[in-house]
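# Examination of the molecular architecture
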Amino acid sequence: MKRFIIALQFLTIIRVVRHLRIEPEELGRSMGFFPVVGLLLGLILILINTILLRFLPNSVVDGILIGTLIILTGALHMDGLADTIDGMTGGRTKEEVLRIMRDSRTGAIGVVGVTMTLLLKYMSLIHIPPEMKNHVLIVMPVIGRCSMVQASFFTDYARSDSGIGLPFTHHVKRREVILATITGFLISTVLLGIDGLIIITGIIVSTLGLMALYRRKIGGNTGDTYGATNEINEVLVLILALSLLSNG
């Protein structure tokens, strides 16, 4: 239960325990519950979707849902996406990339990347078949957070000094990866059947590609690249779901 609370309070603005003592090892071990936090976020989105559709058009509600997810996560992953795009496009050497990523200022290309991510999420979500939308609203945050666990386990930490991603990279174990992956596969296939299996398999391939990019550019992962991995894979979940469910 403590590890779930750690994961919940790290990934969201939800506070269950005000003064929670957290050891670095516990942060890494909490990653097994990242998809469960995604499940909780999805259930909140479903509740909001169900209520607001009584009063507002579908297109407006979908925009609110995307905004709600950003608020609930404290824009943590979006910030990581912006920093990652800035660094990967602006730096030539590993040192330059990491320095740019640590800069609190967001460059033009980072703003464009975040804008395009939000636009793709919105345009994909509004075209998801209404009868399947609640299922997708759960699968999207579950798989996105599952991919962060896989990226953390299979890559090294890129920085020589400490950072937000260090405890996760150093302390996540095989058990957490297995737990997170099984949870992701189970939720996806129960809700979307064979389409869910195809989607999560596609996201694993995407995560492997992102890991290869991070290794080539900076030698591994950082806290920012974990956030970027989540955001990129959430977009891909929606695009894959739109393609499979609309054609089905």
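An account of the accompanying structure is given in this report. Not measured: the values here are computed from a predicted model. (Residues numbered from 1 in each chain as written. Predicted model: local features only at pLDDT ≥ 70, side-chain atom pairs only at ≥ 80, totals over all residues. Heavy atoms only, no water.)

### Concerning the overall build of the protein chain
For clarity, the threshold we go by: Secondary structure elements are taken from DSSP: a helix is a run of H or I of four residues or more, a strand is a run of E of two residues or more, and numbering for both begins at the N terminus. Every radius of gyration here is taken over C-alpha atoms, with the globule rule written as 2.2 Å times N^0.38, N being the number of residues. Here, residues are in contact when the closest pair of their heavy atoms is within 4.5 Å. Calculation of accessible area relied on Shrake-Rupley with a 1.4 Å probe; when residues are assessed, cover is drawn exclusively from the protein chains displayed.
Assigned secondary structure in the protein chain consists of 12 helices and 0 strands. If you list the helices and strands of the protein chain from N to C, you get α-α-α-α-α-α-α-α-α-α-α-α. Computed over its C-alpha atoms, the radius of gyration of the protein chain comes to 17 Å, within 12% of the 18 Å expected for a compact globule of 248 residues. Expressed as lengths along the three principal axes of its C-alpha atoms, the size of the protein chain is roughly 50 × 40 × 35 Å. Relative to all contacts within the protein chain whose residues are 6 or more apart in sequence, the contacts with residues 24 or more apart total 77%. Put simply, the protein chain shows about 11500 Å² of open surface, and 65% of that area lies on carbon and sulfur atoms.

### Details of the pattern of salt bridges
How we decide: Between Lys or Arg on one side and Asp or Glu on the other, a salt bridge is scored when a side-chain nitrogen of the former is within 4 Å of a carboxyl oxygen of the latter. Throughout, exposure labels follow a simple rule: accessible area from a 1.4 Å probe, protein chains only, divided by the maximum for the residue type, with under 20% read as buried, over 50% as exposed, and the rest as partly exposed.
Evaluation of the coordinates by the stated rule reveals 8 salt bridges. Linking D103 and R105 is a salt bridge whose minimum nitrogen-to-oxygen distance equals 2.8 Å. Assessed through its relative accessible area of 24%, D103 is described here as partly exposed. One salt bridge connects R145 with E234, and the closest N-O pair in it is separated by 2.8 Å. With R145 in helix 8 (residues 130-154) and E234 in helix 12 (residues 223-247), this residue pair connects regions lying 89 residues apart in the sequence. For the residue pair R145 and E234, the accessibility class agrees, reading buried in each case. Taken together, the shared-partner salt bridges connect K121, R145, E231 and E234 into one network.

### Description of a nonpolar patch on the surface
Test applied: Only residues whose relative accessible area exceeds 30% and that form no salt bridge enter a patch; like-charged residues are grouped when within 9 Å of one another, and nonpolar side chains (Val, Leu, Ile, Met, Phe, Trp, Tyr) when within 5 Å.
Residues I109, V112, M116, L119, L120, M123 and I239 make up a contiguous nonpolar surface patch of about 560 Å² in total accessible area. Of the residues forming the nonpolar patch, the biggest block, 6 residues, is contributed by helix 7 (residues 108-125). Residue position: I239 is located in helix 12. In this structure I239 comes out as partly exposed when scored by relative accessible area, which is 35%.

### Topic: empty space enclosed by the protein
Our working definition: A cavity here means a set of 1 Å grid points, computed over protein atoms only, where a 1.4 Å probe fits but cannot escape. A pocket is an open set with protein on both sides within 12 Å along at least 5 of 7 lines, and lining residues have an atom within 4 Å of a point. Grid points are joined across faces, edges and corners, and a volume is the space filled by probe spheres set on the points. Throughout this entry, Asp, Glu, Lys and Arg are counted as charged residues, while Ala, Val, Leu, Ile, Met, Phe, Trp, Tyr, Cys and Pro are counted as nonpolar. The remaining residues, Gly among them, count as polar.
Counted under the stated rule, the structure contains 2 cavities of 30 Å³ or more. Here the largest cavity defines a volume of roughly 60 Å³. If you trace the largest cavity, you find it lined by I66, L69, I70, T73, H77, M78, L118, K121, R145, N230, E231 and E234. Only helix 4 (58-72), helix 5 (76-90), helix 7 and helix 12 provide two or more residues apiece to the lining of the largest cavity. Among the residues forming the lining of the largest cavity, the class breakdown is 5 nonpolar, 3 polar and 4 charged. A volume near 50 Å³ is recorded for the second largest cavity. Every residue along the wall of the second largest cavity is listed here: L45, L65, I66, L69, K121, L125, L137, M140 and L238. For the lining of the second largest cavity, the secondary structure elements donating two or more residues are helix 4, helix 7 and helix 8. With 3 residues, the top contributor of residues to the lining of the second largest cavity is helix 4.

### What about the packing of aromatic side chains?
Under the convention used in this document: Ring pairs shown here join Phe, Tyr and Trp side chains whose ring centres sit within 6.5 Å, with only the six-membered ring taken for Trp; geometry is labelled stacked below 30 degrees between planes, edge-to-face above 60, and tilted in between.
Tallying each qualifying case throughout the model produces 4 aromatic pairs. On the basis of an interplanar angle of 70 degrees and a centroid distance of 6.4 Å, the ring pair of F4 and F33 is categorised as edge-to-face. A residue pair is termed long-range when its members are at least 10 positions apart, and F4 in helix 1 (residues 2-11) and F33 in the loop between helix 2 (24-29) and helix 3 (34-52) qualify at 29 residues. Counting every residue linked through ring pairs, the aromatic cluster contains F10, F34 and F168.

### Overview of the side chain of E231
Mapped onto the secondary structure, E231 falls in helix 12. Beyond its immediate chain neighbours, meaning those up to four positions away, E231 contacts H77, M78, L81, T117 and K121.

### Quick notes on helix 5
Formally: Expected span of a helix: the number of residues minus one, times 1.5 Å.
Its 15 residues place the ends of helix 5 21 Å apart at the C-alpha level, agreeing with the 21 Å of an ideal helix rising 1.5 Å per residue. Every buried residue of helix 5 is accounted for by H77, M78, G80, L81, A82, D83, T84, D86, G87 and M88.

### Topic: the environment of L118
Among the structural elements, L118 can be located in helix 7. Taking the C-alpha atoms as reference points, L118 and G28, separated by 90 residues in sequence, lie 29 Å from one another. If we ignore the near neighbours within four places in the chain, the residues touching L118 are I66, I70 and M78.

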